[in-house]
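Commentary on secondary and tertiary structure
The lines below spell out each chain.
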Amino acid sequence: MAIRPLGTRIERDSMPAPTQTLDDPDADAASQAWHLTVGGRVQGVGFRPFVYRLAQRLGLRGWVRNETGSVELFVQGAPAALIEFQRALIEDAPPLARPRLTAHTSGKPENLATFVILPSPSREDAPARIHVPPDYFACDDCLRELHDPDNRRYRYPFINCTQCGPRYTLIRKLPYDRRNTTMAEFAMCPECQQEYENPLDRRFHAEPVACPACGPVLHFVSPAGADTKDNATALAQAVAALRAGKIVAVKGVGGYHLMCDARNDIAIARLRAKKPRPHKPLAVMFPAPGADGLDAVRAVAELTPEHERWLRDPARPIVLVSKKAHAPLSPRVAPGLNEIGAMLPYSPLHHLLLEDFGGPLVATSANISGEPVLTQNTDVNDRLAHVAEAFLHHDRPIQRPADDPVYRVISGHARPLRLGRGNAPLELTLPFTLAKPLLAVGGHMKNTVALAWDDRIVISPHIGDLDAPHSLIVFEQVIADLQALYGVHAQTIVCDAHPVYASSRWARCADVPVISVLHHYAHASALAGEHLDVKDWLVFTWDGVGYGGDGTLWGGETLLGSPGAWQRVGSLRPFYLPGGEKAGREPWRSALALCWEAGLEWKQSPEDPMLVQHAWQRRLNCPQTTAAGRLFDGAAALTGLNHRSSYEGQGPMMLEAACADATGAAIPLPLTRNRQGIRETDWAPLLPFLMDRKISLAERAGGFHASLAQAIVAQANAARAEHGELTVGLSGGVFQNRVLTEQALALLRANGFDVRLAQDIPCNDAGISFGQIIEARMKLT
């Protein structure tokens, strides 16, 4: 049983029962009155207009208003109508709403003539019952109006209603009213005001409502001299620039994209050289023709029903899909890989841009690599002037960044690799109640933070890698934002045990108590936190590197137990990593170290190994590690695939892609206990196999994956023989690898194991903050 997302609808039989019903002989048959409080996701989703229309339909009187994080109602009328009202309130709510009836009391009927929507009260000391809505994709109704020449919002790039448009990225504070958003500075024209105030209109209290007469405006700027503030002209100029092979920075919902023609080799090569981003795959946004909007994606990719479902999910995420052999895309979109990151347009501006351009566009985050996406017009002009060759700005301020979420289908289910615009902040219900609020500050790479209080946890959108000053600024902004939005102030901070992570240093400088959690314990606890029915775990936590309990760099660990009581019972054979952190960018170092550890020679090293070996022999800047990620790096180098990486995980991703359809024969890997009693898998037999150029690359890559999958099963069988029945979990960034994960899953199940994978939380370091909360709570009990 997974943790239930906050606001998930409850069944009628689990709702609080009314104090008076039709069967109550003392009930006033003429009129009854109820006070109701509805929590969950009920703000920013058209819930109050829905309540108004429902009350009108049932002939009820009373009022509804926003409170801080909930909706309060007073409703009176015939008992049968009230009962139907309560049912429909939950079961027939708007598609984006996730209501929960949290309070129900009987009241005294008042002299009311109709049902009205009251203004939201201003309460600075309101309790933290807040639910912050994410940003929503453009709905079908708005898209119909967008394409209707007779509609006053025809081709207006900022069209929205109560069922779509920005939320999280424009809310300054709650309650969610226009005055508390970045739209406050846009005074509504009489026509928009009339829609906003009409309870029967689709835009009744749609806080970002606007039109060409009163709303945000596009602004196109290019070094060639164009400086246009007009929606139609600016859009046309941006499309013309893209058709001319230019790189255009386009402001969207949660930040800017750098966009160019996804079929233009020269434009993409220029983008890669300027950013610089020489090899990392680039996301592609496709037009949305066809009945389901996926015809353009199908032209270049093989889609399963799960891919189709998630491409059309309300979050409109980037979904990794298998590229067709002769796809009409530039090979420079994802060099060396057989998947591309595809997404559909999610804002009205994107729809217009893609339709007018008439083909797919690269849509990569406009940032300095590794940093959060940029949101401010001036920042983009200043910091990306060397990359972008034109700019399509607009004047609706973005309050906080939200990058695009990313999903990959593994074992038949789409699993998140990154949370972001459309599904974050991610609100979940905890399986326990906290005595005091906690803030978890995550790891160093792929950073997210999590705020937890009572039985709630909120996980931030992707922040990024914390190496750069701008990343730290956004990191601190998100921490302050979450606490301010939800009205919760952390009394304890949870951080990674690594002494020099930027997040850990920040935590120790804060004036509150700090709890440190081992990196791989957090990985294991994140998985356990999603599967509450499991008591006895055996979790394989495989990733790059993380600070271990013995002071070495872990990354290939097998953990037995449960949150708060993990025991390291298995690992990979350790080796010394020459150059420390340098090895992550220079996989040839890992390859040499593996060979030296095994007493072998690697003759294809791209660098003279003499100085490196000299340092390795003396253990100078050569930390010991058991990291599966560094083993994958070494394997990619030994096969000749990748000697230097320009992005994290490049070698392992290329090695997985090289498997193609070859399963590869597994090589048995010895499993022995070390002096501490920990079972170690010895990878040494793989090295001659990986270096043998007489064997095809696909066979070597496939054999490597098959061997590690068998090694996982061997460790699991040994642990079961000693400790009894266990549920096996796979957690950590290595299990983003679909080939390894699906092979291990199949073999484990064939050996009778119950196996669990991450579901709503990324298995990589983006899930560390969630795992830190789960683990820290056990330390506090």
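If you're wondering where the values come from, they're calculated on a predicted model, not measured in any experiment.

Reading guide: rules and limits
Residue indices begin from 1 for each chain and proceed along its sequence in written order. Residues qualify for local features only when their pLDDT is at least 70, as the model is predicted, and side-chain atom pairs are given and counted only at 80 or more; totals for whole chains, interfaces and linings, by contrast, use all residues. By convention in this description, side-chain values take in all heavy atoms of the structure and omit both hydrogens and water. Buried Ala, Val, Leu, Ile, Met, Phe, Trp, Tyr and Cys residues form a nonpolar core when they are joined through side-chain atoms within 4.5 Å. Only protein chains enter the area calculation, which uses a 1.4 Å probe; residues under 20% of their type maximum are buried, those over 50% are exposed, and those in between are partly exposed. Runs of H or I in DSSP of at least four residues are treated as helices and runs of E of at least two as strands, each being numbered from the N terminus. Working rule for contacts: check all heavy atoms of both residues, and any pair within 4.5 Å makes them a contact. Here, any two strands with at least 2 DSSP bridges between them count as paired. The axes used here are C-alpha line fits, helices contributing only the stretch in contact, and every angle between their N-to-C directions lies in the interval 0 to 180 degrees. When two rings of Phe, Tyr or Trp (its six-membered ring) have centres within 6.5 Å they constitute a pair, described as stacked for plane angles under 30 degrees, edge-to-face for angles over 60, and tilted for the intermediate range. Both a distance and an angle decide whether a charge sits over a ring: NZ of Lys or CZ of Arg must be within 6 Å of the ring centre and within 35 degrees of the ring normal. Throughout this description, any angle smaller than 35 degrees is read as roughly parallel, any larger than 145 degrees as roughly antiparallel, any in the 65 to 115 degree range as roughly perpendicular, and the remainder as oblique. Three categories are distinguished: nonpolar for Ala, Val, Leu, Ile, Met, Phe, Trp, Tyr, Cys and Pro, charged for Asp, Glu, Lys and Arg, and polar for the others, with Gly belonging to the last. A clockwise turn of the near helix away from the far one marks a right-handed crossing, whereas an anticlockwise turn of less than a right angle marks a left-handed crossing. For this analysis, a polar contact is any N or O atom pair within 3.5 Å, provided that within protein one partner can donate a hydrogen and the other can accept it, and provided that sequence-adjacent residues contribute only side-chain to side-chain pairs. Every case where a carboxyl oxygen of Asp or Glu lies within 4 Å of a side-chain nitrogen of Lys or Arg is listed as a salt bridge.

As for the nonpolar core
Within the largest apolar cluster, 72 residues are counted, with the highest numbers of intra-cluster contacts made by Val132, Met259, Leu353, Leu392, Val441 and Tyr486. Sorting elements by how many residues they give to this core places helix α11 (residues 469-486) first, with seven residues. Excluding residues that lie within four positions of it along the chain, Val441 makes contacts with Asn447, Thr448, Val449, Phe475, Ile479, Ile493, Val494, Cys495, Ser503, Trp506, Ala507 and Gln772. Counting residues in hydrophobic clusters, the runner-up holds 61 residues, among them Leu560, Leu687, Ala716 and Val734.

Observations concerning the sheet that holds strand β2 (residues 61-67)
Judged by pairing direction, the sheet is mixed, and its five strands sit side by side in the order β4-β1-β3-β2-β5 without closing on themselves. With one partner strand each, in any of the chains shown, β4 (98-107) and β5 (115-117) form the two edges of the open sheet. Strand-to-strand twist in this sheet, taken as the mean axis angle between neighbours without regard to direction, amounts to 15°. Taken together, the seven bridges between strand β1 (residues 32-41) and strand β3 (residues 70-77) define a ladder with antiparallel strand orientation. Looking at the pairing, Gln32 lines up with Gly77 of β3. The sheet strands contacting helix α1 (residues 47-57) are β1, β2, β3, β4 and β5, and the helix crosses β5 at an angle near 170°. Here helix α2 (residues 79-91) sits on the sheet in contact with β1, β3 and β4, set at roughly 0° to β1.

Some words on the packing of aromatic side chains
Here the structure, examined in full by the defined rule, presents 13 aromatic pairs. Measuring from centroid to centroid gives 5.7 Å for Phe47 and Phe50, while their planes differ by 45°, and the two rings are tilted. Pair noted here: Phe47 and Phe50 are both in helix α1, with a separation of three residues, about one helical turn. Accessibility assignment for this pair places Phe47 and Phe50 in one class, buried. Through pairs of rings, three or more aromatic residues link up here, namely Tyr52, Phe115 and Phe204. Positioned over the ring face of Tyr346 is Arg421, at 3.5 Å from the centre of the ring. For the cation-ring pair, Arg619 lies above Tyr576, with the distance from its terminal atom to the ring centre recorded as 3.9 Å.

Section: the packing of helix α13 (residues 519-530) against helix α22 (residues 768-779)
At a closest axis distance of 7 Å, the pairing of α13 and α22 adopts a crossing angle of 85°. Taken together, the axis directions place α13 and α22 in an arrangement best described as roughly perpendicular. Listed contacts from α22 to His519, Tyr521, Ala522, His523, Ser525, Ala526, Gly529 and Glu530 of α13 are Ile768, Phe770, Gly771, Gln772, Ile774 and Glu775. Residues belonging to the contact of α13 with α22 are distributed by class as follows: six nonpolar, six polar and two charged.

Topic: the environment of Ala206
Mapped onto the elements of the fold, Ala206 is located in the loop between α4 (190-197) and β6 (218-221). Not counting chain neighbours up to four residues away, the residues in contact with Ala206 comprise Asn160, Cys161, Thr162, Arg178 and Tyr196.

Looking at helix α9 (residues 348-357)
Counting buried positions along α9 yields eight of 10 residues, so the element is predominantly enclosed. Among the residues of α9, Pro348, Leu349, His350, His351, Leu352, Leu353, Leu354 and Phe357 are the ones counted as buried. Positive backbone phi, approximately 85°, marks Gly358, located one or two places after α9.

A closer look at the packing of helix α17 (residues 628-638) against helix α20 (residues 697-723)
Following both chains from N to C, one finds α17 and α20 inclined at 155°, their axes separated by 11 Å at the closest point. As far as their axial angle goes, α20 and α17 are roughly antiparallel. By crossing handedness, the relation of α17 to α20 is classed as right-handed. Along its contact with α17, which presents Leu631, Phe632, Ala635 and Leu638, the element α20 presents Arg700, Phe704, His705 and Leu708.

Some remarks on the side chain of Asn160
Within the secondary structure, Asn160 is located in the loop between α3 (140-146) and α4. For Asn160, the side chain forms a polar contact with the main-chain oxygen of Pro208, separated by 3.0 Å.

Side note on the pattern of salt bridges
Using the criterion set out here, one finds 42 salt bridges in the structure. Residue Arg65 pairs with Glu72 through a salt bridge whose shortest N-O separation is 3.3 Å. Salt bridges linked by common partners bring Asp141, Arg144, Glu145, Arg202 and Arg203 together as one network.

What about the sheet that holds strand β18 (residues 426-429)?
Within the open sheet, the six strands sit side by side as β18-β21-β20-β19-β22-β23. Their pairing is mixed. The strands lining the two open edges of the sheet, one partner per strand, are β18 and β23 (514-517). Neighbour-to-neighbour, the strand axes of this sheet turn through a mean angle of 20°, independent of strand direction. Pairing between β18 and strand β21 (residues 456-459): four bridges, direction antiparallel. Along β21, the bridge assignment pairs Leu428 with Ile457. Contacts between helix α12 (residues 502-509) and the sheet are confined to β19 (438-440), β22 (492-496) and β23, with β22 contributing the most and set at about 155° to the helix.

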